[in-house]
Amino acid sequence: GAAETTRPARANLSLGPFLGDLTPTGVRVWAKCAAPGSHGLDVLGSDGRVEGRATAEAAVENNGCVVWRVTGLQPERRYRYEITFQGQSISGNADTFFVTPSGQDAAAVTRLAVGSCAREDAGSAEVWRRMTALEPHAVVLLGDTPYIDSTVLDVQRTRYSEFAAVPDFASLLRTKPLYATWDDHDFGANDTDGRLDGKDDARRAFIEHHANPSYGENDQGVYTKFQRGGVEVFLLDTRYFAATEPAPGAAGLPTLLGRRQWEWLRRELRASTAPFKLLASGMIWNEAVRPGKLDHWGTYPHEREALFRFIGEERIPGVVLAGGDIHRTRVLRYETTETVGYPLTELVTSPIHGDVI
């Protein structure tokens, strides 16, 4: 009993805090708690007064992971945040802060740190430090972050915890919001598709360890979107639905995105008013890979071409493609003027670690 009563409250936070979805008027914050029970998040203004507060319940069922959501904040304001447990602050100092973005229609430079394929090694640590130095408005991870290669829930949770414990990664995300999708290795197995056994356990672990704006629809997939300044980012899920049903509008051919995600993407692209729309997925959009590798959008050319035609028919401007996975970085230009109305650019961003192919 004496040992328990003298244990510092700070020991009740085992990982984090990390920033998640950040908007002009709200924020999501993630952490992993060592003790079950209700934990609080206080958002403090420049005068130290609490300007937002939320509570979340840590439990064995969610692996101690919690996400707080605070609304009612002001755009372009710097806030400090603290986590509390049983009335005591357990995390929060000068390096736990965020700056809310301006309104989406305000003219501004937007810096996104986008990458994929990271390890808990010196090479990845160097990239996390470089990202920090560039002061991005958001960090966007496209998968294999981390490498898991299992859908067993305990293995998934352990690997996410090991990844979150990397000091330079944790330091970056205390002040910069993280948005993420997955690729094959964090989904569960190399070059796999939606027929993988245990994918719902992988989805559960992904949701536990991220504070995205959303995670697919109807308890399926992890796709989501967010906007920062003039860029709206569509984080696609090219794993959960792949090869599980016929492609929309292409009977007899397999889908990559699945009908529900396809409908979501079309609807949200039509509605987007952002000057730039970044369509980002773990796999690359082109076929220029090592011999025999089929894990890319080029294996689903009917769905890729249907998307390009849709962009052209709906006259959607400013689309840019992004992918990762292949352990090398490229910029490609697509001759799509006849179908899209303008050439599309693809940014391939991989790896965060040092093992370049």
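Residues numbered from 1 in each chain as written. Predicted model: local features only at pLDDT ≥ 70, side-chain atom pairs only at ≥ 80, totals over all residues. Heavy atoms only, no water.

### Some points on the environment of glycine 45
Move 1: Relative to the assigned elements, glycine 45 resides in the loop between β3 (37-44) and β4 (50-58).
Move 2: In this structure the C-alpha to C-alpha distance between glycine 45 and arginine 78, which are 33 residues apart in sequence, comes to 7.2 Å.
Move 3: Apart from the residues within four sequence positions on either side, glycine 45 is in contact with Glu51 and Tyr79. (Helix = DSSP H or I, 4+ residues; strand = E, 2+ residues; numbered from the N terminus. Contact = heavy atoms within 4.5 Å.)

### Considerations on the sheet that holds strand β13 (residues 231-235)
Move 1: The six strands are arranged β12-β13-β16-β17-β19-β18 in an open sheet whose pairing can be described as mixed. Each of the sheet's edge strands pairs with one partner strand only, and the pair in question is β12 (224-228) and β18 (330-334). Looking at each pair of strands side by side, their axes are set apart by 20° on average, direction ignored.
Move 2: Note: β18 against strand β19 (residues 344-348), five bridges, orientation antiparallel. Following the sheet pairing, arginine 333 is matched in β19 by threonine 345.
Move 3: Sheet strands touched by helix α7 (residues 259-271): β12, β13 and β16 (276-280). Its angle to β13, the strand with the most contacts, is close to 175°. (Pairing = 2+ DSSP bridges. Axes fitted to C-alpha atoms, helices over the stretch in contact; angles between N-to-C directions.)

### Side note on the nonpolar core
Move 1: If you look at the biggest cluster of nonpolar residues, it comprises 60 residues, and the most contacted ones within it are Trp128, Leu265, Leu279, Trp285 and Leu307.
Move 2: Looking at which element gives the most residues to this core, the answer is helix α8 (residues 301-313), with five residues.
Move 3: With residues up to four places along the chain from it excluded, the contact list for tryptophan 128 reads Ala118, Leu141, Phe163, Val166, Asp168, Phe169, Leu172 and Ile352. (Core = buried A, V, L, I, M, F, W, Y, C linked by side-chain atoms within 4.5 Å. Buried < 20%, exposed > 50% of the residue type's maximum accessible area, 1.4 Å probe, protein only.)

### Considerations on the sheet that holds strand β2 (residues 26-33)
Strand pairing in a sheet relies on backbone hydrogen bonds, with the paired strands running either antiparallel or parallel.
Move 1: Strands sit in the order β1-β2-β5 across an open sheet of three strands; the sheet is antiparallel. The sheet is open, and its two borders are formed by β1 (13-23) and β5 (65-71), each paired with just one other strand. Across the sheet, the mean angle from the axis of one strand to that of its neighbour is 20°, orientation sign disregarded.
Move 2: As judged from the six bridges shared by β1 and β2, these two strands associate in the antiparallel manner. Pairing of leucine 22 across the sheet is with valine 27, part of β2.

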